[in-house]
Amino acid sequence: MSTPALRRGLRTLGTLLITLSAISPASSVFIIAPGVISGAGTGAFYSFVAAAVVGVFMAFVYAELASAFPLAGGEYAIVTRTLGRLPGFAVLGLMIITQVLIVAVIALGVGTYLGVLMPGVPGPVIAAVTCVVAAVVGVFDIKLNAWVTGIFLAIEILALIVVSALGLFNPARSFSELLAHPVASDGSPATVGAIAIATSVAIFAYNGYGSAVYFGEETQDASRGIARAILFALGITVLAELIPVTAVLLGAPDLNALFASENMLSYFIDSRGGGTLDTVLGLAVALAIVNAVLAIVLISSRMLFSSGRDRAWPSPVNRALSAVHPKFGTPWVATVGTGLVAALLCFVDPKLLLVVTSTSIVAVYAALCLGAIVGRRTGATAHAEYRMPWFPVAPVLALAVLVFVVYQNLLDPAVGRPSLIVTACVALLSIAYYVLVLRRKGGWKLADVTEEKVTDEKAEERA
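What you are looking at is a predicted structure, and each value in this text was computed from that prediction instead of being measured.

We now examine the pattern of salt bridges. Scanning the entire structure with this criterion turns up seven salt bridges. As a salt-bridge pair, E218 and R302 come within 2.9 Å of each other at their nearest N and O atoms. Of this pair, E218 sits in the loop between α9 (192–206) and α10 (222–251) while R302 is found in helix α13 (residues 275–309), placing the two residues 84 residues apart along the sequence. Relative accessible area serves as the criterion here: at 0%, R302 is assigned to the buried category. Across the salt bridge formed by R224 and D221, the nearest N and O atoms sit 3.2 Å from each other. Under the relative-accessibility criterion, D221 is labelled partly exposed at 33%. One network of salt bridges, with partners in common, ties together E64, R376 and R387.

A few words now on the nonpolar core. Counting residues in hydrophobic clusters, the biggest one holds 148 residues, and the most contacted among them are F30, F48, M58, L92, Y209, V293 and L368. The leading source of residues in this core is α13, at 17 residues. Contact partners of F30, with chain neighbours within four places excluded, come to Y113, L160, V163, L265, I269 and V285.

One way to put it is that α9 packs onto helix α18 (residues 393–410) with a least axis distance of 9 Å and a crossing angle of 110°. On the basis of the axis angle, α9 is roughly perpendicular to α18. Here α9 runs over α18; the crossing is left-handed. Judged by residue contacts, V192, G193, A196, I197 and S200 of α9 engage F404, V405, Q408 and N409 from α18. Partitioned by chemical class, the residues of the contact of α9 with α18 number five nonpolar, four polar and no charged.

Parameters and conventions
- Residues numbered from 1 in each chain as written.
- Predicted model: local features only at pLDDT ≥ 70, side-chain atom pairs only at ≥ 80, totals over all residues.
- Heavy atoms only, no water.
- Salt bridge = Lys/Arg side-chain N within 4 Å of Asp/Glu carboxyl O.
- Helix = DSSP H or I, 4+ residues; strand = E, 2+ residues; numbered from the N terminus.
- Buried < 20%, exposed > 50% of the residue type's maximum accessible area, 1.4 Å probe, protein only.
- Core = buried A, V, L, I, M, F, W, Y, C linked by side-chain atoms within 4.5 Å.
- Contact = heavy atoms within 4.5 Å.
- Axes fitted to C-alpha atoms, helices over the stretch in contact; angles between N-to-C directions.
- Parallel < 35°, antiparallel > 145°, perpendicular 65-115°, else oblique.
- Left-handed = near helix turned anticlockwise from the far one by under 90°.
- Nonpolar A, V, L, I, M, F, W, Y, C, P; charged D, E, K, R; others polar.

Next up, the structure:
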């Protein structure tokens, strides 16, 4: 019996478009950036810069590892092949929880920006419908989904250009003031600790450039193309988020009003461009969020597909998750399942969703950094087409920053500490499942999937 395989219908550009859509710079700026600003005030600029530095290190790590293992399982498949099955399954547990919750977190933003068109419809209902529609569209051919996400991506980039112009061409304060005297949301000087805690949220805002690896089994010349997609995705994301965030901090007429507003970006746009522009950009952001939901559903379904193919669950579940649509070549059961679960999660308190997801990314990043170091030492990544420059500078410095972020989260009893506790609990539950279930059944059977192997199997099927 051949290994379930996805159809290679993407080139590097298509993978890049879906990856950028999953990151959704507009969603990050309009939904996540206000959380960074609330925590660090105008020090949010430094939070986003620090997160960009971490992003560069992590992009190098992702690119090398994804070049060695361009697999639909993404991070868990990489960690399993570099650090071993136990840590790999812990990462799988974290990623399953994180990815599906992220779909719900992002979808909940749709209601906020579509409220002007459907004022009487509850936000969670709009979000749930968005998840279901995204799942249905996600079942279709991956090339079609790349074009759909690309069109919506162009709209959100245009919206961010407008936001940037509003602040940069009519600043209320100088850039030197932003650099030399960052202030917190209560008007006091922004502290290093507050900026560091906000950095973990800013890292989350940039997160997603490594998602290109999930399409490694659907991208032609994946060992080279995925690495390029990751590096380009990070560069574009940093510019698309850092510039408009800086523009808001420079151009807001009244910082106190900005910090106190329920919707910071709406306040900024309305005060600088008027209510009509605020409505138009709000609709553009709503489209961007819908696009992000679609892209993240595509990513999450690939991971679930891979976990089923790797026989991580009971046999009936494995068969369902690894099912490939006969016409479109997509993991249709995993896609539909992701959308339905995310739709249900849209009715959960969004603050709880953020607590669960905010530090799990840090744990996964740390595992990847260790995987890059160990992979070089053991030769597990020796076949990678892309090799990061200045090794081991990137993984070591990234680990140092991540340790500092974790330390600052430990000092935060409101969000940081609970998030770390939840992340630890998810990892421990995953490890317990692996030890008590998978290992007793004879171990975790990882599918042998390479670009050449999948190509050969398809040729045999045609013959």
